[in-house]
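Below, each chain spelled out in residue letters.
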Amino acid sequence: MGVRDEQKQATREKVLEAARDLFNETGYDETTIRAIAERAGVSVGSVFTTFASKAEVLSHVMERRLGDLYAEFDRVLPFLRGSTADRLSSIFAIHYEFETRRVKLFLAHIAASYNPSNDPGVTPYGRNERLTRMLREVLEGGVQRGDVRADLDVQVMVDTLKAAYAWNYRIAAARGAGAAELSAVMDKQIAFIAEGWRPR
Amino acid sequence: MSFVSLNIESPADAPVKLTRRALAKQRTRERVLAAARRLFTERGYEGATIRDIAQAAGMSTGAVFASFADKSELFDEILTADYEVIYAQMKQAGQNAASVDEGVIGMFAVAYGFHVEQLPLLQASIAVSWTRSETAERRNRGHVKYIFKLLADVLERGVERGELKAGVDVKLLAEIIWDVYVANYRRAIFDAWTVEALLARFAEQLKVILAGARA
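About the criteria used
- Residues numbered from 1 in each chain as written.
- Chains lettered and ligands numbered in written order.
- Predicted model: local features only at pLDDT ≥ 70, side-chain atom pairs only at ≥ 80, totals over all residues.
- Helix = DSSP H or I, 4+ residues; strand = E, 2+ residues; numbered from the N terminus.
- Buried ≥ 20, exposed ≤ 12 C-beta atoms within 10 Å, placed from the backbone.
- Contact = placed C-beta atoms within 7 Å.
- Nonpolar A, V, L, I, M, F, W, Y, C, P; charged D, E, K, R; others polar.
- pLDDT = per-residue confidence, 0-100.
- Axes fitted to C-alpha atoms, helices over the stretch in contact; angles between N-to-C directions.
- Parallel < 35°, antiparallel > 145°, perpendicular 65-115°, else oblique.
- Expected span 1.5 Å × (residues − 1).
- Core = buried A, V, L, I, M, F, W, Y, C linked by C-beta atoms within 7 Å.
- Domains from an automatic or database assignment.
- Left-handed = near helix turned anticlockwise from the far one by under 90°.

Before going further, it helps to examine the overall build of chain B. Helix and strand counts for chain B come out as 10 helices and zero strands. Starting at the N terminus, the α and β elements of chain B follow one another as α-α-α-α-α-α-α-α-α-α. The burial tally for chain B puts 37% of its 215 residues in the buried class. A separation of at least 24 residues holds for 69% of the contacts in chain B among residues at least 6 apart in sequence.

So this is what it looks like as structure tokens:
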């Protein structure tokens, strides 16, 4: 890497860190690019040479966070035990635990994905392939373990679980519910749905 | 998310003869609402300021504030009006159905049909719902109750008919159905799915959700 690239990389890191904290402390809408530059100790111009928009900054903040989360999963996944429902509960519990650490940031990410002005540099919330793949694997593993019926439409089930998972953040948005409460609600939903995928 | 207003089931008030002043005030409100609907649709919630809305309605910012306390109240009024339009149809679809599947799908077919026609406004309303103030959140939580009631009624009739198990947790079931209903709008927004495609997917989801609850 040349000196220039290194500098650019350092600016990027500083901007993403400053933005992550500001979005979570003061809110996404309330945070300006100027405030991000100030906190990061860089010029407003250099933020704009690195990112096209605030939406893109948010998108990259979230992408980097997910990197951390999935590093955690790579360690944990091989140790998952129990029924398919138990395994799914664990996967969602880890997500809730992780995202509620900076819940305002995460809610802003969901909200931003519905904003009409999404530019091409933005990966909106909901396009998380890792989560989709993990859920697929657990359900398909369930067919092999024998606690999920073989004719289950796995993709429809994955969509359904993801919808329930995401919408449960409403109780975090509405009254600041924490990870434990979100996981408890999700567990009930999983147990209910699991009734329907039992082999019979 | 937008939901139904609290006064939906109340009997119509006796017609009141409006004074000229009251009439003028009502016309102002309607003008503001029409301009606001257009701007929210074009620019999203954050993108449309009260000043823009006033200008589009051809009046002063002060005149807008005389009718609405703030932007979120203005926005909620638009959403409430929309839900009032479709609530009666949703109710009818739910009540006339012969099975749970038919009732639930019928209800949400009405909603998908309506909202897919005006996706930008729906997008704005969902975006706002994730970060709204506590007052606005409380106002809206009252609204959602009415849709849930319709859904729960359809499910309970299913229990009475012996379609669903007797001890089924209707509230939990209604919540899961609601989750997938709303989440599916992402397909319309990002992948340009039609109402028919949304309904086909929703019907499949409903099947897997209800699988464990069927008697």
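Read on for the rest.
Here we come to the overall build of chain A. Scanning chain A for helices and strands turns up 10 helices and zero strands. Put simply, chain A runs from its N terminus to its C terminus through helices and strands in the order α-α-α-α-α-α-α-α-α-α. If one aligns the C-alpha atoms of chain A with their principal axes, the spans along those axes are about 65 × 40 × 30 Å. Relative to its full complement of 200 residues, chain A shows a buried share of 36%. Put simply, of all contacts in chain A between residues at least 6 apart along the chain, 66% involve residues at least 24 apart.

A few words on the interface of chain A and chain B. Tallying the contact residues gives 27 residues for chain A and 25 residues for chain B. Among the elements of the structure, helix H6 (103–112), helix H8 (154–167), helix H9 (169–175) and helix H10 (179–197) of chain A are those that each provide at least two residues to the side of chain A that touches chain B. In terms of residue class, the side of chain A that touches chain B is built from 16 nonpolar, six polar and five charged.

Averaged over chain A, the pLDDT score is 89; the fraction of residues at 70 or greater is 97%. For chain A, H9 of chain A is the element with the lowest average pLDDT, namely 85, and helix H5 (residues 84–99) of chain A is the one with the highest, namely 95.

Moving on to the packing of H10 of chain A against helix H8 (residues 170–183) of chain B. At a minimum axis distance of 10 Å, the contact between H10 of chain A and H8 of chain B shows a crossing angle of 95°. For the element pair H10 of chain A / H8 of chain B, the angle class is roughly perpendicular. Where H10 of chain A abuts H8 of chain B, its residues Lys188, Gln189, Phe192 and Ile193 of chain A lie against Leu172, Leu173 and Ile176 of chain B. In terms of residue class, the contact of H10 of chain A with H8 of chain B is built from five nonpolar, one polar and one charged.

The next point concerns unusual backbone geometry. Not every positive phi belongs to a glycine, and Ala192 of chain B is a case in point at roughly 55°. Looking at the secondary structure, you find Ala192 of chain B in the loop between helix H9 (185–191) and helix H10 (195–210).

Let us look at H10 of chain A. The end-to-end C-alpha separation of H10 of chain A is 26 Å, in line with the 27 Å expected for 19 residues at 1.5 Å each. Taken together, the buried positions of H10 of chain A are occupied by Leu182, Ser183, Val185, Met186, Gln189, Ile190, Phe192, Ile193, Ala194 and Trp197 of chain A. Along its buried surface, H10 of chain A packs onto H5, H8 and H9 of chain A together with H8 and H10 of chain B.

So, on to the environment of Ser183 of chain A. On the secondary structure map, Ser183 of chain A appears in helix H10. Separated by 94 residues in the primary sequence, Ser183 of chain A and Ser89 of chain A place their C-alpha atoms 7.4 Å from one another.

It is worth spelling out the nonpolar core at this point. With 104 residues, the main nonpolar core has Ala19 and Ile36 of chain A together with Val104, Met107, Leu151 and Ile177 of chain B as its most contacted residues. If you tally residues by element for this core, the top one is H10 of chain A, at eight residues. The residues touching Val104 of chain B, leaving out its near neighbours within four places in the chain, are Leu151, Val154, Ile177 and Leu206 of chain B.

Moving on to the environment of Leu155 of chain B. Residues and elements named next belong to chain B. Along the polypeptide, Leu155 turns up in helix H7 (residues 134–160). Measuring from C-alpha to C-alpha, the distance between Leu155 and Leu173 comes to 8.4 Å, with 18 residues separating the pair along the chain. With sequence-adjacent residues up to four places away left out, Leu155 is seen in contact with Val100, Leu164, Val170, Leu173 and Ala174.

This part takes up the confidence of the model for chain B. Residue and element names in this part refer to chain B. With 87% of its residues at a pLDDT of 70 or more, chain B has an overall mean of 86. Within the model, pLDDT remains below 50 along residues 1–12, and this stretch shows 28 contacts once partners closer than five positions in the same chain are excluded. Across the interface, the model reports ipTM at 0.83; the global pTM reads 0.84.

All names here are of chain A. In terms of domains, chain A is made up of domain 1 (1–51) and domain 2 (58–194). Computed from C-alpha coordinates alone, the two centres of domain 1 and domain 2 are separated by 28 Å. Between domain 1 and domain 2, the contact holds seven residues from the first and nine residues from the second. Within the side of domain 1 that touches domain 2, the residues separate by chemical class into four nonpolar, two polar and one charged.

As a further point, take the environment of Glu117 of chain B. One can find Glu117 of chain B in the loop between helix H5 (100–116) and helix H6 (119–131). Through-space distance from the C-alpha of Glu117 of chain B to that of Leu33 of chain B is 19 Å; in sequence the pair is 84 residues apart.

What follows deals with the packing of helix H4 (residues 71–96) of chain B against H5 of chain B. Residue and element names in this part refer to chain B. Axis separation between H4 and H5 bottoms out at 7 Å; the angle between their running directions is 155°. Comparing the axis directions of H4 and H5 gives the class roughly antiparallel. When you trace H4 past H5, the crossing you get is right-handed. In this structure, H4 contributes Ile86, Gln89, Met90, Ala93 and Gly94 to the contact, and H5 contributes Gly103, Gly106, Met107, Ala109, Val110, Ala111 and Phe114. Classifying every residue of the contact of H4 with H5 by side-chain character gives eight nonpolar, four polar and no charged.

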